[in-house]
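Listed below are the residues making up each chain.
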2 protein chains.
Amino acid sequence: MGAVETVIDTIKQMIIDGQLRPGQRLPIEKDLAEQLGVARNTLREAVRALTAMRVLQTRQGDGTYVTSLSPGLLLDGMSFVADLHHGEEAGHFLHMRRLLEPEATALAAPRIPEPDLARLGHLLDEAERLADKDPVDHEALVALDHDFHTLIASHCGNPVLAAVIQNMSGRTVRARIWRGMTEPGAIQRTLAEHRAVYRALLGRDPERARLYAAMHVLGVEESLTGMRSFGGAGGE
Amino acid sequence: MGAVETVIDTIKQMIIDGQLRPGQRLPIEKDLAEQLGVARNTLREAVRALTAMRVLQTRQGDGTYVTSLSPGLLLDGMSFVADLHHGEEAGHFLHMRRLLEPEATALAAPRIPEPDLARLGHLLDEAERLADKDPVDHEALVALDHDFHTLIASHCGNPVLAAVIQNMSGRTVRARIWRGMTEPGAIQRTLAEHRAVYRALLGRDPERARLYAAMHVLGVEESLTGMRSFGGAGGE
DNA sequence: AGGCCGTATTCATCGGATTAATTGGAGCCT
DNA sequence: AGGCTCCAATTAATCCGATGAATACGGCCT
């Protein structure tokens, strides 16, 4: 096995074993390289790889530190995976969202604090305002869509679940989805689905939240495949 | 932004844009470094980071290639995240398994080919044989457990779902779980749960498969927290 | 005591040299 | 002619040493 890979695994194992703890500082490059029996360049490549996966963090002029190792931190960057896949593959990521988001939304219903609930409302108001304009600022809508779902997921009580949900649809994926909503009323319908989820959260009703979240993801899936079979899920 | 990060993002973007396609070979280090305006060492650190996340693959004496970029490939290595977390955090990963494995098992019921179904049976036979021995070879049981769940998940029809499931419990996590099953009969009960899932698959019954899979993950969760409230789920 | 500045520490980047592995083809044997 | 062996070119892997840039910390001044 290559020297760099060995160093990567060694550092990983040191973390798993508890020799290196979150926030702890590593020895300086020169010493650590010597201790591991490799050149500084080799060590640097290993550290760079671990930095890319958010296990380590380097601060120029200061040192190299172990990150918090929180799931949310380590799982981010995964969204790149979703960004790569089009067509049928994209459907697999939406399938994941359909499994996870209803659960997360239901879990968030009794937990999400009032201020964040209010913030959700403001995001919706803003999105509806943007949707009425012409031309539509898709990029801004994508950002609001992302904030809406992320805010809900972040209150599900399970950071792993929240992180995976967030990464199942990155910036590029969401942009593709919103750009793909060309049929008339598609944007309004999506926003109505958002509002339905919001109302369920406002009522602290987990089961309604779950169902409306499921309907929303399903709506997105069907709007992409052109299979939508009835007229929307916004009302009561 | 650092030069290395810039190079990483540039290469990523070239892949998203389609300039670099799966399997394609990159220019040699010297040329690519010159083209991107950085030193070879800097380029190497970027390539190493992308190699660590399975986006690129280098072959000494040959060149650097873009991988298949399949979700299964890109999402692996995520299991390291699960390996890091003990106690309450581990429960969050089990929660994920409880959401995902029942669905995957249900989806696999009508899809899994006969030969793999037979293989599942053999894995179970082998595990039951091992469980009766004394002392118990935990490591071998962990391997069989891993193969059992991985084989099922791989036939759910959604490679993303399969990959996430697989990474929600890596080697270290599974080892911890099986080592933690100290109460008498715990191992036999777990294997009985496996067999119940197997029987549902054998019957090509998605809903039974879903339920028994859910019961199994729940059993694992409760055996870890000592909350198990009744006597097992192996029978019919 | 509080803010400013200089110096030491540490990572970031660079350029070059050497080593090792793979590939592809030339040349040889059958 | 077909297949095998060995050699040479290509390319990544590793190492070395030097310079640049950002940060932290301690001493100094006010």
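If you're wondering where the values come from, they're calculated on a predicted model, not measured in any experiment.

Rules used in this analysis
- Per chain, residue numbering runs from 1 following the sequence as it is written.
- To read the labels, note that chains go from A and ligands from 1, taken in the order they are written.
- Local features in a predicted model are, by the rule used here, given only for residues with pLDDT of at least 70; side-chain atom pairs are given and counted only at 80 or more, and totals for whole chains, interfaces and linings are based on all residues.
- Starting at the N terminus, helices and strands are each numbered in turn, a helix being any DSSP run of H or I of at least four residues and a strand any DSSP run of E of at least two.
- We call a residue exposed when 12 or fewer other C-beta atoms sit within 10 Å of its C-beta, buried when the count reaches 20 or more, and partly exposed for counts in between; the C-beta positions come from the backbone.
- Placing a C-beta atom from the backbone of each residue, we mark the residue near a molecule or strand if the atom is within 6 Å of it.
- When residues are grouped by polarity, Ala, Val, Leu, Ile, Met, Phe, Trp, Tyr, Cys and Pro land in nonpolar, Asp, Glu, Lys and Arg in charged, and all others, Gly among them, in polar.
- Axis definition: a line fitted to C-alpha atoms, limited for helices to the stretch in contact. Angles are taken between N-to-C directions and run from 0 to 180 degrees.
- Here the angle decides the label: under 35 degrees means roughly parallel, over 145 means roughly antiparallel, 65 to 115 means roughly perpendicular, and every other value means oblique.
- Handedness of each helix crossing follows the sense of rotation of the near helix against the far helix: counterclockwise by less than a right angle gives left-handed, clockwise gives right-handed.
- In this description, any two residues whose backbone-derived C-beta atoms lie within 7 Å of each other are considered to be in contact.
- When the copies are overlaid, the least-squares fit takes in C-alpha atoms only where the residue has pLDDT of at least 70 in both copies.
- Where each domain starts and ends follows an automatic or database-derived domain assignment.
- Take the number of residues in a helix, subtract one, and multiply by 1.5 Å to get its expected span.
- We define the bend at any residue as the angle between the axes fitted to the seven residues before and including it, ending there, and the seven starting there.
- Across the chain, each position has a pLDDT score giving the predictor's confidence in that residue, from 0 to 100.
- Should DSSP find at least two bridges between two strands, the strands are taken to pair.
- Any nonpolar core is a set of buried residues, restricted to Ala, Val, Leu, Ile, Met, Phe, Trp, Tyr and Cys, that join up through C-beta atoms within 7 Å.

## Focus: the overall build of chain A
Here's step 1: Looking only at helices and strands, chain A features 12 helices and 2 strands.
Here's step 2: When each of the 236 residues of chain A is scored for burial, the buried share is 39%.

## Side note on the protein's contact with DNA strand C
Here's step 1: Contacts to DNA strand C come from 20 residues, most closely from B:Gly2, B:Ala3, B:Ala39, B:Thr42 and B:Gly61.
Here's step 2: For the surface near DNA strand C, the secondary-structure elements that each account for two or more residues are helix H3 (40–52) and strand E2 (63–66) of chain A together with helix H1 (3–16) and helix H3 (40–52) of chain B.
Here's step 3: Here the surface near DNA strand C is built from residues that sort into 5 nonpolar, 11 polar and 4 charged.

## Regarding the packing of helix H1 (residues 3–17) of chain A against H3(A)
All names here are of chain A.
Here's step 1: Taken N-terminus to C-terminus, the directions of H1 and H3 make an angle of 55°; their axes are 9 Å apart at the nearest point. In terms of their interaxial angle, H1 and H3 are classed as oblique. For H1 against H3, the interelement crossing comes out right-handed. Between H1 and H3, the residues in contact are Ala3, Val4, Val7, Ile8 and Ile11 and Thr42, Leu43, Glu45, Ala46, Ala49 and Leu50, respectively.
Here's step 2: Split by residue class, the contact of H1 with H3 holds 9 nonpolar, 1 polar and 1 charged.

## Regarding the relation of the copies chain B and chain A
Here's step 1: Expressed as a screw operation, the relation of chain B to chain A combines 0.0 Å of axial shift with a rotation of 180°, fitting to an RMSD of 0.1 Å. Here the two chains are linked by the operation of a two-fold rotation axis. Considering only C-alpha atoms, the part of chain B nearest the rotation axis is B:Ala49, at 2.0 Å.
Here's step 2: Of all interface residues in chain B, 100% are interface residues in chain A too; the two copies therefore contact each other through one and the same surface.

## Re the interface of chain B and chain A
Here's step 1: Contacts between the two partners involve 34 residues from chain B and, on the opposite side, 34 residues from chain A.
Here's step 2: Counting only elements with at least two residues in the side of chain B that touches chain A, the list comes to H1, H3, helix H4 (71–75), helix H5 (79–84), helix H6 (87–108) and helix H9 (159–167) of chain B.
Here's step 3: It is H6(B) that provides the largest number of residues to the side of chain B that touches chain A, a total of 7 residues.

## Observations regarding the domain arrangement of chain A
Here's step 1: Splitting chain A by domain gives domain 1 (3–68) and domain 2 (74–235).
Here's step 2: Averaged C-alpha coordinates put domain 1 of chain A and domain 2 of chain A at centres separated by 38 Å.

## Description of helix H6 (residues 87–108) of chain A
Here's step 1: Along its 22 residues, H6(A) runs 31 Å from first to last C-alpha, staying within 8% of the 32 Å computed at 1.5 Å per residue.
Here's step 2: Maximum bend of H6(A): about 30°, positioned at A:Leu100, with proline A:Pro102 one to four residues after it.

## Thoughts on the confidence of the model for chain A
Here's step 1: Averaged over chain A, the pLDDT score is 91; the fraction of residues at 70 or greater is 95%.
Here's step 2: A low-confidence stretch, residues 231–236 of chain A stays under pLDDT 50, and its non-local contacts, those more than four residues away or across chains, total 11 contacts.

## Some words on the environment of A:Ala196
Here's step 1: If you trace the backbone, A:Ala196 turns up in helix H11 (residues 186–202).
Here's step 2: C-alpha separation for the pair A:Ala196 and A:His216, spaced 20 residues apart in sequence, amounts to 9.0 Å.

## Quick word on the pairing of strand E1 (residues 56–59) of chain A
Residue and element names in this part refer to chain A.
Here's step 1: Across 4 bridges, the pairing between E1 and E2 is antiparallel. Considered in E2, the bridge of glutamine 57 is made with tyrosine 65.
Here's step 2: Hairpin connection, E1 to E2: the antiparallel pair is bridged by 3 residues, and glycine 61 has positive phi, about 80°.

## Things to note about the packing of helix H7 (residues 114–132) of chain B against helix H11 (residues 186–202) of chain B
All names here are of chain B.
Here's step 1: Viewed as axis vectors pointing N to C, H7 and H11 meet at an angle of 165°, and their least axial separation amounts to 10 Å. If you check the angle between H7 and H11, you find them roughly antiparallel. H11 is crossed by H7, and the crossing has left-handed handedness. Residue-level inspection shows Leu117, Leu120, Gly121, Leu124, Ala127, Glu128 and Ala131 of H7 in contact with H11, the latter providing Ile187, Gln188, Leu191, His194, Arg195, Tyr198, Leu201 and Leu202.

## Considerations on the nonpolar core
Here's step 1: Within the largest apolar cluster, 118 residues are counted, with the highest numbers of intra-cluster contacts made by A:Ala104, A:Val164, B:Ala104 and B:Val164.
Here's step 2: If you look at the next biggest cluster of nonpolar residues, it comprises 5 residues, including B:Ala127, B:Leu141, B:Leu144 and B:Ile187.

## Examining unusual backbone geometry
All names here are of chain A.
Here's step 1: The peptide bond linking aspartate 134 to proline 135 adopts the cis configuration, its omega dihedral lying at 5°.
Here's step 2: Along the chain, the position of proline 135 falls in the loop between helix H7 (114–132) and helix H8 (138–153).
Here's step 3: Within the chain, arginine 54 stands out as a residue other than glycine whose phi angle is a positive 65°.
Here's step 4: On the secondary structure map, arginine 54 appears in the loop between H3 and E1.
Here's step 5: A count of 18 C-beta atoms within 10 Å places arginine 54 in the partly exposed class.

## Focus: the environment of A:Arg179
Here's step 1: Inspection of the secondary structure puts A:Arg179 in helix H10 (residues 171–179).
Here's step 2: Note: C-alpha distance between A:Arg179 and A:His138 (41 residues apart in sequence) is 6.9 Å.

## Some words on the environment of A:Ala162
Residue and element names in this part refer to chain A.
Here's step 1: Among the secondary structure elements, alanine 162 is positioned in helix H9 (residues 159–168).
Here's step 2: Residue classification places alanine 162 among the buried residues on the basis of 24 C-beta atoms within 10 Å.
Here's step 3: The sequence separation of alanine 162 and alanine 196 amounts to 34 residues, and the corresponding C-alpha distance is 21 Å.
Here's step 4: Leaving out residues up to four positions away in the same chain, alanine 162 has contacts with Gly72, Ala104, Ala153, Ser154 and Cys156.

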